[in-house]
Amino acid sequence: EAQPILALWTQNVAVLRSGAEAKEVSLLEHLTDAAADVGISFQAKGVLPKNDPACQRLIITAGSEALNNAVRHAKATELYLTVSETDANHTAVFTNNGKIPDGEVVEGGGLSALRARIERQGGTMAIQSRPIFKLTVALPKKGGIAHD
């Protein structure tokens, strides 16, 4: 009698696990779809932090801002994301194939708001203008402070 119940529980656990994994994919898919909607190819390397939904959301928020700026300022056709981790941090680096900024990037409303959100979470944000535009976000793993 227990076998059918055990099989059903096993199936339910598998469905729940696949749903958790699909959540990460859906965040990246959301950014990929948004990029495609504005004519940008989005390429990601690395894996979003699986057990930290807040960190995932901040990386995708940074990606949305990077996408917006790639379209508006750089006239880019491609946006790149590289996600990596150390013992202390999750790091996301966004670059694009657009034109190089004429000078140092001055943070406006979007980048300033992004920096505030990241710093409230104990993270850091760095912007590099040359030789290419690069937005780097470092977020602490749970219980830590981000270090560049």
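Here, every reference points to the structure presented above.
A quick note: this is a predicted structure, and the numbers were derived from the prediction, not measured.

Draft legend 1. Examining the side chain of Asp52 more closely. Mapped onto the elements, Asp52 comes out in the loop between strand S1 (41-45) and helix H2 (53-72). On the accessibility criterion, Asp52 (10% relative accessible area) is buried. When near neighbours in sequence (up to four residues on either side) are disregarded, Asp52 contacts Pro140 and Lys142.

Draft legend 2. The arrangement of the nonpolar core in detail. Within the largest apolar cluster, 30 residues are counted, with the highest numbers of intra-cluster contacts made by Phe94 and Leu135. Sorting elements by how many residues they give to this core places H2 first, with eight residues. In contact with Phe94, other than residues within four places in its own chain, are Ile59, Ala62, Gly63, Ala66, Tyr80, Leu81, Phe133, Lys134 and Leu135.

Draft legend 3. Focus on helix H3 (residues 109-120). Here H3 contains twelve residues, and its C-alpha end-to-end distance of 16 Å stays within 8% of the 16 Å for a straight helix at 1.5 Å per residue. Taken from the residues just after H3, Gly122 is the one with a positive phi, measuring 85 degrees.

Draft legend 4. Structural context of the sheet that holds strand S3 (residues 89-96). Across the sheet, five strands lie side by side as S1-S2-S3-S5-S4; this open sheet has mixed pairing. Because the sheet does not close on itself, it has two edges, and the strands there are S1 and strand S4 (124-128). For this sheet, the mean angle separating the axes of adjacent strands, direction not counted, is 15 degrees. Alignment of S4 against strand S5 (residues 134-140), held across five bridges, turns out to be antiparallel. Bridged to Met125 within S5 is Val137. The sheet strands contacting H2 are strand S2 (78-85), S3 and S5, and the helix crosses S3 at an angle near 15 degrees. Sheet strands in contact with H3 are S4 and S5, and its direction is about 145 degrees off that of S4.

Definitions and cut-offs
- Residues numbered from 1 in each chain as written.
- Predicted model: local features only at pLDDT ≥ 70, side-chain atom pairs only at ≥ 80, totals over all residues.
- Heavy atoms only, no water.
- Helix = DSSP H or I, 4+ residues; strand = E, 2+ residues; numbered from the N terminus.
- Buried < 20%, exposed > 50% of the residue type's maximum accessible area, 1.4 Å probe, protein only.
- Contact = heavy atoms within 4.5 Å.
- Core = buried A, V, L, I, M, F, W, Y, C linked by side-chain atoms within 4.5 Å.
- Expected span 1.5 Å × (residues − 1).
- Pairing = 2+ DSSP bridges.
- Axes fitted to C-alpha atoms, helices over the stretch in contact; angles between N-to-C directions.

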